[in-house]
Every structure is written in structure tokens, then in C-alpha cells.
Amino acid sequence: MMKRERLVRMALAAMIGLIMAAVIAWMTIRHDQRQLAGVATSVAPASIGGPFTLTSHDGRIVSDGDFQGRYRLVFFGYTFCPDICPTELQTIAQAMDLMGAAGADVQPLFITIDPARDTAPVLADYVPLFHPTIIGLTGTPDQIAAVAKEYRVYFARSQGEPDETQYLMDHSTFAYLMAPDGSFVTVFAKGTTPEQMVEAIAAHRARGT
């Protein structure tokens, strides 16, 4: 009897966790829809992106200047993300595969919004699972807050979760395409296919933007 009750409690806890993850995902998508409208109508493209200094997943100190001369696909997320981040990183990985040799001038960057848990070693175990070209970036909370502000990225720890290791994060889900000179080119919303991403990059490359 006690074993059955324990199994029921575990099942209920798992169900509650899934419901919370679904609610956070829904809230994130709704926030992104509003933010995307803001990017399109009220935020000047020149104001998106900017200089940063962060730590790569292999422990190197890098800056935005290290990626000059290459397009950048920049995505903000975290390794404990249950669904959105793995899905979007997989999309970026597939886009890189589709481009093949033509993707040599494209650098995907995964910038964590959870630096407390996403140390360089954690990112080193995570990002290569998706694609060898992706570079994971972390930093101090102040550094992450600064680069998120530069990209107009929203993130916050979900409320009502006292566990210091198992909490979820609410965050924007855009992938930003930045030009070789570091200027903003376009934004890919959640749901963009790898084919659409590749087509857009090729079009901007052809125009020299």
C-alpha cells in the first residue's frame, strides 16, 4: 500500500513538473510574439547586439571581436531547458549541416542565461551534442545580463521553485543573425525551419548584408 502511495506521489510530482514546463513554454512563446512585434516596429536594428566579453565552453576568454568577418547565429538559452533550447539548437545544427562548406563563414553561438549552473565544463558537455561548430558562452551574472540587454533578450528564473538546482528559466527564444561586421541582420522566431534559416542566410550573403 505504501509503495503504491509513493508511486502515486511520484507520478503526481512528475505531472506537475510537466505542466509547469508547458506553462513556462507557453508564456515564453507569448512573450516572444510581443517582443518580435517590438523588434519589427519600435526597436532600431542598429540597437540590437553589441560588444561582449565572455568565457567559451573550452575555457577561453572571447569577445565579439573574435568573430568579426563571420556571420553569427546567436541563441540565448540554458542547458537545463527541457524543450525549447534543445529544439532550437537542433534547428541551428541542421541548418549548419545543410549549408555544408558554405557555412564556413557562419558561427553559431549559444549564450547561457543561467550562468550559476552553466559553467564552461557544463557547456563543454552540452553544446557538442548538437553540432561541433557551436560555441557555448558563459560568464558572470553581470556579463550575461549585459549581453542579454544588448540583444534585447528577456530572461528570468521561474517563480515558486525553491530548489536551487532544479529550477526552470523563462527566456526569449529568438536566434539572431548578425552580419560579419557585427551589425544586426534579422531574427529567427521559434518554429523557423532549418531550410528557412539557410535560405535567409544565403539571401543576405548574396546582398552582402
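Report follows, based on the coordinates. From a predicted model like this one, the values you see are computed outputs, not experimental measurements.

Calculation criteria
- Residues numbered from 1 in each chain as written.
- Predicted model: local features only at pLDDT ≥ 70, side-chain atom pairs only at ≥ 80, totals over all residues.
- Heavy atoms only, no water.
- Helix = DSSP H or I, 4+ residues; strand = E, 2+ residues; numbered from the N terminus.
- Buried < 20%, exposed > 50% of the residue type's maximum accessible area, 1.4 Å probe, protein only.
- Contact = heavy atoms within 4.5 Å.
- Areas by Shrake-Rupley, 256 points an atom, 1.4 Å probe, with all protein chains shown as cover.
- Expected span 1.5 Å × (residues − 1).
- Phe/Tyr/Trp six-rings, centres within 6.5 Å; stacked < 30°, edge-to-face > 60°.
- Pairing = 2+ DSSP bridges.
- Axes fitted to C-alpha atoms, helices over the stretch in contact; angles between N-to-C directions.

Right, let's talk about the overall build of the protein chain for a bit. Along the backbone of the protein chain there are five helices and nine strands. Counting from the amino terminus, helix and strand elements in the protein chain follow one another as α-β-β-β-α-β-α-β-α-β-β-β-β-α. The buried share of the protein chain, reckoned over its 209 residues, is 46%. In the protein chain, once contacts between residues fewer than 6 apart in sequence are set aside, the share between residues at least 24 apart is 74%. Surface accessibility of the protein chain: about 10600 Å² in total, with carbon and sulfur atoms responsible for 62%.

Before going further, it helps to spend a moment on helix H2 (residues 84-99). Between its terminal C-alpha atoms H2 stretches 23 Å, which fits the 22 Å expected from 16 residues at 1.5 Å a residue. Gly 100, located one to two residues past H2, shows a positive phi value of around 55°.

Next up on the list: the packing of aromatic side chains. All chains considered together, the criterion is met by seven aromatic pairs. Pairing Phe 76 with Tyr 151 gives two aromatic rings, centres 5.4 Å apart and planes at 55°, and the pair type is tilted. You can see Phe 76 sitting in strand E3 (residues 71-77) and its partner Tyr 151 sitting in the loop between helix H4 (141-150) and strand E6 (155-157), a full 75 residues away along the chain. Each member of the pair Phe 76 and Tyr 151 is classed as buried.

What follows covers the sheet that holds E3. Judged by pairing direction, the sheet is mixed, and its seven strands sit side by side in the order E2-E1-E5-E4-E3-E8-E9 without closing on themselves. In this open sheet, the two edge strands, each paired with only one partner strand, are strand E2 (61-63) and strand E9 (184-188). Direction aside, neighbouring strands of the sheet carry axes that sit 35° apart on average. In this structure, strand E1 (residues 53-56) lies alongside E2, joined through three bridges in antiparallel fashion. Note that in E2 the partner of Thr 55 across the bridge is Ile 61.

Although it is not a glycine, Arg 152 sits at a positive phi angle of roughly 60°. In this structure, Arg 152 sits in the loop between H4 and E6.

All quantities given are derived from atomic positions and should not be read as evidence of function.
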